[in-house]
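The lines below spell out each chain.
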Amino acid sequence: MSDEIEAAGDSGSSDTIPVQAGALKKGAHVVIKGFPCKIVDYSTSKTGKHGHAKANITGIDIFTGKKYEDISPTSHNMLQPIVSRRDFQLIDIDDEGFITVMDDKTNETRSDLRIETDKEDVHKKLKEEFDEGKDLAVTVLSAMKIEKVVTYKMIT
C-alpha cells in the first residue's frame with residue numbers, strides 16, 4: 001500500500017444543496033427543470049381535502065434569462081444551486097472570443113471563458129471598450145458547472 005494520495009479533479013462538493021420548497025423566498029436561487037434560476041414569483045396554495053400545500057415558483061434562468069415555472073408540495077425538497085460571483089481583471093480577448101482574465105487575489109490567469117459578441121449585448125460592449133484600450137474587470141457568475149461573464153466595469 002502506498003502513502004501517496006491521488007489528487008482529485010474537484011473537492012467532492014456538490015453543485016446543489018437540498019432545500020424545502022416551503023422555505024424558498026423571492027430572490028433566492030432554485031433549480032427548475034434542471035436550470036439554475038432566480039425566483040421572481042413565489043406563492044403558496046392552501047391544502048386540499050386530501051393534499052399538501054403547494055408552492056408555485058416562477059424563476060428566471062440566471063444564464064439565459066428564460067422563464068421557468070414549477071409547482072411542488074411545500075414539504076418536499078428542491079435543489080438550490082450554489083451560485084458564486086467573482087471579479088477578474090480582463091487581460092486579453094482573442095479572435096475566437098476566448099478571454100484571458102487574472103484573479104487579483106491569487107494572480108492566477110485563465111483563458112477558458114468565452115464571450116459571445118453576436119448574442120450578448122454585454123459581451124459586445126465589453127469587446128468594444130476593451131478594443132478602445134480601457135482597463136476592465138469582468139464579473140463571472142458560476143453555478144452547476146456553468147460559468148458566464150455577466151457584467152463588467154472600468155478599473156480606476
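Residues numbered from 1 in each chain as written. Predicted model: local features only at pLDDT ≥ 70, side-chain atom pairs only at ≥ 80, totals over all residues. Heavy atoms only, no water.

An unreviewed UniProt entry lists the protein under the name Eukaryotic translation initiation factor 5A, with Rhodosorus marinus as the source organism. Per UniProt, the protein carries the Sequence similarities (unreviewed entry) text "Belongs to the eIF-5A family." Taken directly from UniProt, the Subcellular location (unreviewed entry) text for the protein runs: "Cytoplasm". (UniProt positions renumbered as here; feature names shortened; annotations may be inferred.)

A. A look at the side chain of Thr 16. Looking at the element boundaries, Thr 16 is found in strand β1 (residues 16-20). With sequence-adjacent residues up to four places away left out, Thr 16 is seen in contact with Val 31, Leu 79, Gln 80, Pro 81, Ile 82 and Met 144. (Helix = DSSP H or I, 4+ residues; strand = E, 2+ residues; numbered from the N terminus. Contact = heavy atoms within 4.5 Å.)

B. Up close: the pattern of salt bridges. If you walk through the whole model with that rule in mind, you get 9 salt bridges. Here Arg 86 ties to Asp 103 by a salt bridge, and the two come within 2.2 Å at their closest N and O atoms. Placement of the pair is Arg 86 in strand β7 (residues 84-93) and Asp 103 in the loop between β8 (98-102) and β9 (109-114), with a sequence separation of 17 residues. The exposure class of Arg 86 is partly exposed, given its relative accessible area of 40%. (Salt bridge = Lys/Arg side-chain N within 4 Å of Asp/Glu carboxyl O. Buried < 20%, exposed > 50% of the residue type's maximum accessible area, 1.4 Å probe, protein only.)

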